Amino acid sequence: MIDNLESNYDCAHAGQDLHQLKQELAALQAQGANDQASKEAIHRLENQISFILNKCDINH
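Residues numbered from 1 in each chain as written. Predicted model: local features only at pLDDT ≥ 70, side-chain atom pairs only at ≥ 80, totals over all residues. Heavy atoms only, no water.

An unreviewed UniProt entry lists the protein chain under the name DUF2524 domain-containing protein, with Paenibacillus ottowii given as the organism.

A closer look at the overall build of the protein chain
For the protein chain, the helix and strand inventory stands at 2 helices and 0 strands. C-alpha extents for the protein chain along the principal axes are approximately 35 × 20 × 15 Å. The proportion of buried residues among the 60 residues of the protein chain is 30%. Put simply, of all contacts in the protein chain between residues at least 6 apart along the chain, 64% involve residues at least 24 apart. (Helix = DSSP H or I, 4+ residues; strand = E, 2+ residues; numbered from the N terminus. Buried < 20%, exposed > 50% of the residue type's maximum accessible area, 1.4 Å probe, protein only. Contact = heavy atoms within 4.5 Å.)

Quick look at the packing of aromatic side chains
Taken as a whole and judged by the stated rule, the model has 1 aromatic pair. On the numbers, 6.4 Å between centres and 75 degrees between planes, the contact of Tyr9 with Phe51 is edge-to-face. With a gap of 42 residues between them, Tyr9 in the segment before α1 (14–30) and Phe51 in helix α2 (residues 36–55) connect regions that are remote in the sequence. Assessed through its relative accessible area of 12%, Tyr9 is described here as buried. (Phe/Tyr/Trp six-rings, centres within 6.5 Å; stacked < 30°, edge-to-face > 60°.)

So, the state of the cysteines
Tallying each qualifying case throughout the model produces 1 disulfide. A sulfur-sulfur separation of 2.0 Å characterises the disulfide bridge that pairs Cys11 with Cys56. In this structure, the disulfide formed by Cys11 and Cys56 twists by about -90 degrees around the S-S bond and is classed as left-handed. In this pair, Cys11 sits in the segment before α1 while Cys56 sits in the segment after α2, placing the two residues 45 residues apart along the sequence. Assessed through its relative accessible area of 15%, Cys56 is described here as buried. (Disulfide = S-S within 2.5 Å.)

Below you can see the structure in the form of structure tokens.
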């Protein structure tokens, strides 16, 4: 998970960051995360992915 995504995010890192975030998300989802901390982590990863896609104008 990326610590902080800011409005000045450098889209040159988007490919690598999206790959990493999607791997982390898939791993958490595969664990069948049911506890609150896991659900929050999944939600944060989804938000980070959406932020990068929107900020860098990437169609998914």
